Amino acid sequence: MGAAAISIRGLDKVYGGAHPVEALRGIDLEIADGEFAALLGPSGCGKSTLLNLLAGFEAPTGGSLAVYDAPVAQPGPERGVVFQEAALFPWLNVWENVVFGPKVQGLAPREYEERARETLRLVGLDRFDRHLPVQLSGGMRQRVGIARVLVMKPRVLLMDEPFGALDAQTRLSMQQLLLDVWQKLKKTVVFVTHDIDEAILLADVIYVMSPRPGRIQSRYRVEMPRPRSLDTLTEAGFNELKRAIMHQIRHDIAADAPA
Amino acid sequence: MTRGAAAASQPAAAPRSAAAPAAERRWSRVALGWILPVAVLLAWELAGGSEGTVFHGIVPTPSKVVEAWKVWAFGEPGLGLNPYSGTWWSNVVFSTQRVAQGFGLAILLGVPLGVLIGWSKLTAQLLDPSIQWLRPIPITAWLPFSIAVFGIKDFGAIFLIALGALYPIVVNTTQGARDVDRNWVRAARMMGANANQLLFRVVLPAALPSVFTGLRIGLGIAWTAVIVSEMVAVKSGLGYVLWDAYYVGRMDVVIADMVSIGLAGYLSDRLIVFIESRVLTWRRLQSH
């Protein structure tokens, strides 16, 4: 294991107002350099909130949050975010969306054009660079969402249920794509999902979260060998781990239910 | 061979036969729209009878209007006793110029103002109340003020046009800038955009569809404003001719003038729609 890429200590997040909501309580987390971590849990468990705090979109109400020893204060290109609905700029074509980051950072075209072309090739969209987002399928849009982040060479990839809105078939091919990309780049990834299969298939470590208030319930190390592919879903060990996690989640739900 | 050729000709023939009814449908749609105006004009013409007027000699028939329009547009041979002879084009140009200037001024002020109000809470708190207080005052109520301050000059008209068009442009742009998808803003900040880049590369393009809505409403008001102010505050243009012709009892010119205003308003609106379809290709594709 390398040095800590992400370290979170005693993190709290409370949304104020007439009825304050405690979204996260006492989160402690350490994610190693190059590790693929999944945040797994039902909706309302605060997993997306945790990701937003890591991205710097929101500020915590307590505790500390550091990425490569730098406290998180605001969003930045070293922490690339892939959104659930891709959130591409619809008025820009694929190429313009992908080079948006390098451009606003003031890089010269020769510094990013080759890399942008390479990244589009990596996600299989090199022939669609002049297309507008509306002309692409949901899966292709999400490939652009991944490409525009990779082109900035982020140190950490933050993915918020990126395949949640896709149909089952497309989701599988996107998972395979992400496995291939990760195998090549070995980046630190924090991946939010409510899909147990997806978490086991992709991650090195799974943090199971539970709601009200959101906290980390348990941690599972996934020992499935790398490089992985969709075949991993049917390998020995997969179902055992899945059963254990499901059992844990059911237990949490039972404990959470009002008596 | 022959079978292959027959098979190959089939797919080519199919779209042609499908295209024909589509063209027919378009024609019948256009034709339907013409029924009412043609019927009204015909009834109007027939009601005029041999005198060529309706409503006891007050309103001339379409053919009389066309005659008057011809003289107004191209002049008449012989002695130039008709004050409207051959002045149509220059008056159209006067009014159009004023609309273009006033409307341009409204865009120049309204779009930045709207983006700032929609985007920054501080600007909204600073400016929004003033705009909401001024907005209920109709531009017609500004006429005496405008004449007193600017006199019977071009700028009086331009001021009214700009003011009238400004409100819908500001209000719609504000709405557009306020409703920008939160994830677009987050994505841009994540990629390292600073406040300026956020404003020009995300908020402004995202607000453009609303801006164009504001422009179309504003342009309509601009034409209203130019006619009203030309009737009172300047001595040229379609509005001036309209009021002047009324005073001397030339209803044929009045009606020709009304149609001219409608035509100019329609054409300028088409121009905005054309520009919109060019600028907002993504939007057009989205709605398909």
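Residues numbered from 1 in each chain as written. Chains lettered and ligands numbered in written order. Predicted model: local features only at pLDDT ≥ 70, side-chain atom pairs only at ≥ 80, totals over all residues.

S.K.: How would you sum up the overall build of chain B? Please name residues and give values.
M.R.: Of regular secondary structure, chain B possesses eleven helices and two strands. Counted from the first residue to the last, chain B has its helices and strands arranged as α-β-β-α-α-α-α-α-α-α-α-α-α. The globule rule puts the C-alpha radius of gyration for 288 residues at 19 Å, and the 26 Å found for chain B is more than 25% above it. Taking the principal axes of the C-alpha coordinates as reference, chain B spans close to 80 × 75 × 30 Å. A total of 288 residues make up chain B; the buried ones form 33% of that total. (Helix = DSSP H or I, 4+ residues; strand = E, 2+ residues; numbered from the N terminus. Rg over C-alpha atoms; globule rule 2.2 N^0.38 Å. Buried ≥ 20, exposed ≤ 12 C-beta atoms within 10 Å, placed from the backbone.)

S.K.: Account for the interface of chain A and chain B, with residues named and values stated.
M.R.: At the junction of the two partners, chain A supplies 20 residues and chain B supplies 17 residues. The set of elements that each furnish at least two residues to the side of chain A that touches chain B consists of strand 6 (79-82) and helix 3 (100-104) of chain A. At three residues, the largest contribution of residues to the side of chain A that touches chain B is made by helix 3 of chain A. Taken together, the residues of the side of chain A that touches chain B break down into 15 nonpolar, five polar and no charged. (Contact = placed C-beta atoms within 7 Å. Nonpolar A, V, L, I, M, F, W, Y, C, P; charged D, E, K, R; others polar.)

S.K.: Please give an account of the pairing of strand 10 (residues 215-221) of chain A that cites residues and values.
M.R.: Residues and elements named next belong to chain A. Relative to strand 10, strand 9 (residues 205-210) runs antiparallel, the two being bridged by six bridges. Bridge assignment links Val208 to a residue of strand 10, and that residue is Ser218. Connecting strand 9 to the next strand, strand 10, in antiparallel fashion are four residues, including Arg212 with a positive phi near 50°. (Pairing = 2+ DSSP bridges.)

S.K.: Quick one: what's the story with the packing of helix 3 (residues 88-119) of chain B against helix 6 (residues 154-178) of chain B, residue by residue and with numbers?
M.R.: All names here are of chain B. Contact geometry of helix 3 with helix 6 gives a least axis separation of 6 Å together with a crossing angle of 30°. If you check the angle between helix 3 and helix 6, you find them roughly parallel. As for the relative orientation of helix 3 and helix 6, their crossing is right-handed in sense. Considering only residue class, the contact of helix 3 with helix 6 consists of 20 nonpolar, nine polar and three charged. (Axes fitted to C-alpha atoms, helices over the stretch in contact; angles between N-to-C directions. Parallel < 35°, antiparallel > 145°, perpendicular 65-115°, else oblique. Left-handed = near helix turned anticlockwise from the far one by under 90°.)

S.K.: Outline the sheet that holds strand 2 (residues 21-32) of chain A, supporting the account with residue identities and numerical values.
M.R.: Residue and element names in this part refer to chain A. Read across the open sheet, the four strands follow the order 2-1-4-5; overall the sheet is antiparallel. Strands with a single pairing partner mark the edges of an open sheet, and in this sheet they are strand 2 and strand 5 (70-71). When strand 1 (residues 4-15) meets strand 4 (residues 62-67), the two strands line up antiparallel, connected through five bridges. When the bridges of strand 4 are listed, Asp12 appears paired with Gly62.

S.K.: Just give me the short version of helix 10 (residues 251-279) of chain B, but keep the residues and values in it.
M.R.: Compared with the 42 Å implied by 1.5 Å per residue over 29 residues, the 42 Å span of helix 10 of chain B between its first and last C-alpha is a close match. If you check which residues of helix 10 of chain B are buried, you get Asp252, Val253, Val254, Ile255, Ala256, Asp257 and Ser260 of chain B. (Expected span 1.5 Å × (residues − 1).)

S.K.: Just give me the short version of the domain arrangement of chain A, but keep the residues and values in it.
M.R.: Residue and element names in this part refer to chain A. Domain annotation of chain A identifies domain 1 (1-78 + 156-164 + 187-259) and domain 2 (80-153). Placing a centre on the C-alpha atoms of domain 1 and another on those of domain 2 gives a separation of 26 Å. With ten residues of domain 1 at the contact, the number on the domain 2 side is eleven residues. A total of four residues in the side of domain 1 that touches domain 2 trace back to one element, the largest contributor, which is strand 7 (residues 156-160). (Domains from an automatic or database assignment.)

S.K.: With reference to specific residues and values, describe the pairing of strand 8 (residues 188-193) of chain A.
M.R.: All names here are of chain A. Of all six residues that make up strand 8, six are buried, and the element is covered over most of its length. Burial along strand 8 is two-sided: Thr188, Val190 and Val192 facing one way and Val189, Phe191 and Thr193 facing the other are all buried. In the sheet, strand 3 (residues 36-40) pairs with strand 8 via five bridges, with the strands oriented parallel. Looking at the pairing, Leu39 lines up with Val192 of strand 8. The sheet contact formed by strand 7 and strand 8 spans five bridges and is parallel. Across the sheet, Asp160 pairs through a bridge with Val192, a residue of strand 8.

S.K.: A description of the nonpolar core should follow, citing residues and the corresponding values.
M.R.: Membership of the largest hydrophobic core comes to 139 residues, with the highest contact counts inside it found for Val190 of chain A together with Ile161 of chain B. The residues contacting Ile161 of chain B, other than those within four sequence positions of it, are Arg98, Val99, Gly102, Phe103, Ala222, Ala225 and Val226 of chain B. (Core = buried A, V, L, I, M, F, W, Y, C linked by C-beta atoms within 7 Å.)

S.K.: Provide a residue-level description of the sheet that holds strand 3 of chain A, including the pertinent values.
M.R.: Residues and elements named next belong to chain A. The strand order across the open sheet built from six strands is 6-7-8-3-9-10, with neighbouring strands paired in mixed fashion. Edge strands, defined here as strands with exactly one partner in the open sheet, are strand 6 and strand 10. Strand-to-strand, the axes of this sheet are offset by a mean angle of 20°, without reference to chain direction. The pairing of strand 3 with strand 9 spans four bridges and is classified as parallel. When the sheet's bridge partners are listed, Leu39 is paired in strand 9 with Tyr207.

S.K.: Requested: an account of the environment of Val228 of chain B, with residues and values cited.
M.R.: Residues and elements named next belong to chain B. Checked against the element boundaries, Val228 lands in helix 8 (residues 195-232). You can call Val228 buried: it has 21 C-beta atoms within 10 Å. Placed 15 residues apart in sequence, Val228 and Trp243 show a C-alpha to C-alpha distance of 9.6 Å.

S.K.: Account for the domain arrangement of chain B, with residues named and values stated.
M.R.: For chain B, the domain assignment lists domain 1 (2-48) and domain 2 (88-286). The gap between the C-alpha centroids of domain 1 of chain B and domain 2 of chain B is 37 Å.

S.K.: Talk me through helix 7 (residues 182-190) of chain B; I want residue IDs and the actual numbers.
M.R.: Of the residues making up helix 7 of chain B, those classed as buried are Trp184, Ala187, Ala188, Arg189 and Met190 of chain B. In this structure, the buried side of helix 7 of chain B is in contact with helix 1 (47-55) and strand 6 of chain A together with helix 8 of chain B. A positive backbone phi angle near 100° is found at Gly192 of chain B, which sits one or two residues after helix 7 of chain B.

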